[in-house]
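Here is how the chains run, residue by residue.
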Amino acid sequence: MDNKKEYNFDQLDIDVKKDESGPMIIMTSVFILWGFLTVMNGNLSDKIKDVLDLTNSQKDLLSFVFFAGYFVVGFLFYLISRYIFDPFKKFGYKKMMIFGLLITAFGCFLFYPAATLADDNSVEQTSKFYFFLGTMIILASGFTVLQISANTYVISM
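Presented here is an overview of the structure given in this document.

Definitions and limits used
- Residues numbered from 1 in each chain as written.
- Predicted model: local features only at pLDDT ≥ 70, side-chain atom pairs only at ≥ 80, totals over all residues.
- Heavy atoms only, no water.
- Phe/Tyr/Trp six-rings, centres within 6.5 Å; stacked < 30°, edge-to-face > 60°.
- Helix = DSSP H or I, 4+ residues; strand = E, 2+ residues; numbered from the N terminus.
- Buried < 20%, exposed > 50% of the residue type's maximum accessible area, 1.4 Å probe, protein only.
- Lys NZ or Arg CZ within 6 Å of the ring centre and 35° of its normal.
- Expected span 1.5 Å × (residues − 1).
- Arc of directions from axis to C-beta.
- Contact = heavy atoms within 4.5 Å.
- Core = buried A, V, L, I, M, F, W, Y, C linked by side-chain atoms within 4.5 Å.

**Observations concerning the packing of aromatic side chains**
For step 1, the next point in the chain: In the structure shown here, the tally under the stated rule is 12 aromatic pairs.
For step 2, the next point in the chain: Each ring, one from Phe67 and one from Tyr70, has its centre 6.2 Å from the other, and the planes form 15°; the classification is stacked. Of the two residues, Phe67 and Tyr70 both sit in helix 2 (residues 56–83), three residues apart, roughly one turn of that helix.
For step 3, the next point in the chain: Look at Phe67 and you get partly exposed, because its relative accessible area is 43%.
For step 4, the next point in the chain: Put simply, the rings of Phe66, Phe67, Tyr70 and Phe143 touch in pairs and so form one group of aromatic residues.
For step 5, the next point in the chain: The ring of Phe85 has Lys90 sitting right over it, with the charged end atom 5.2 Å from the ring centre.

Shown next as structure tokens:
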């Protein structure tokens, strides 16, 4: 007696996905870069402390504002998604990642005028410090949008 069963795979309703190893490799590489930039925040705070002659509390505030930006922007996106509209469903994950990259690039660009301002002796020290704080908030906002969209995009793959 032969117990072999024959299956007709043409009749099965299986959703065969395309190979997504390329996008997954890109996303993994980008996550490594984001992690590297996040870790560099500590070194950046040390350099800003030296340039602006900040106290340890002010230096710690730079790091705090950066990481608090993750919470604040993430919470704002939650509220917007929950009660107004879901920007990720409306625009898509790829467009939101591009939006996050633009915010991040803008935050990185703002470090140039902040560093230029730091060399200007006619500007108050507190103004220089607040400019760096604002730059850190913008940078953290971009990272948050990137990570929210990228995490969900990878999960959907």
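**Remarks on helix 4 (residues 93–109)**
Given 3.6 residues per turn, any residue in an α-helix points the same way as the ones three and four places further on.
For step 1, the next point in the chain: Taking 1.5 Å of rise per residue, 17 residues should cover 24 Å, and helix 4 covers 24 Å from first to last C-alpha, within 8% of that figure.
For step 2, the next point in the chain: For helix 4, the set of buried residues is Met96, Met97, Gly100, Ile103, Thr104 and Gly107. Looking down the long axis of helix 4, one finds its buried residues gathered within 120° of arc, a one-sided arrangement. Across helix 4 from its buried face, at more than 90 degrees, point the exposed residues Lys94, Lys95, Leu102 and Phe109.
For step 3, the next point in the chain: Each element contacted by the buried residues of helix 4 is listed here: helix 1 (21–52), helix 2, helix 3 (87–91), helix 5 (111–119) and helix 6 (125–156).

**Concerning the nonpolar core**
For step 1, the next point in the chain: Ranked by internal contacts, the top residues of the largest apolar core, which has 24 residues, are Ile48, Leu62, Phe66, Phe132 and Phe143.
For step 2, the next point in the chain: Listing elements by their share of this core, those giving two or more residues are helix 1, helix 2, helix 5 and helix 6.
For step 3, the next point in the chain: Here the element with the most residues in this core is helix 6; it accounts for 10 residues.
For step 4, the next point in the chain: Those residues within four positions of Phe132 in sequence are excluded, and the remaining contacts are Ile48, Leu52, Leu62, Phe111, Ala114, Ala115 and Ala118.
For step 5, the next point in the chain: Core analysis: the second largest hydrophobic core is formed by six residues, Val73, Phe77, Phe88 and Val145 among them.

Geometric descriptors of this kind do not, in isolation, establish any biological role.
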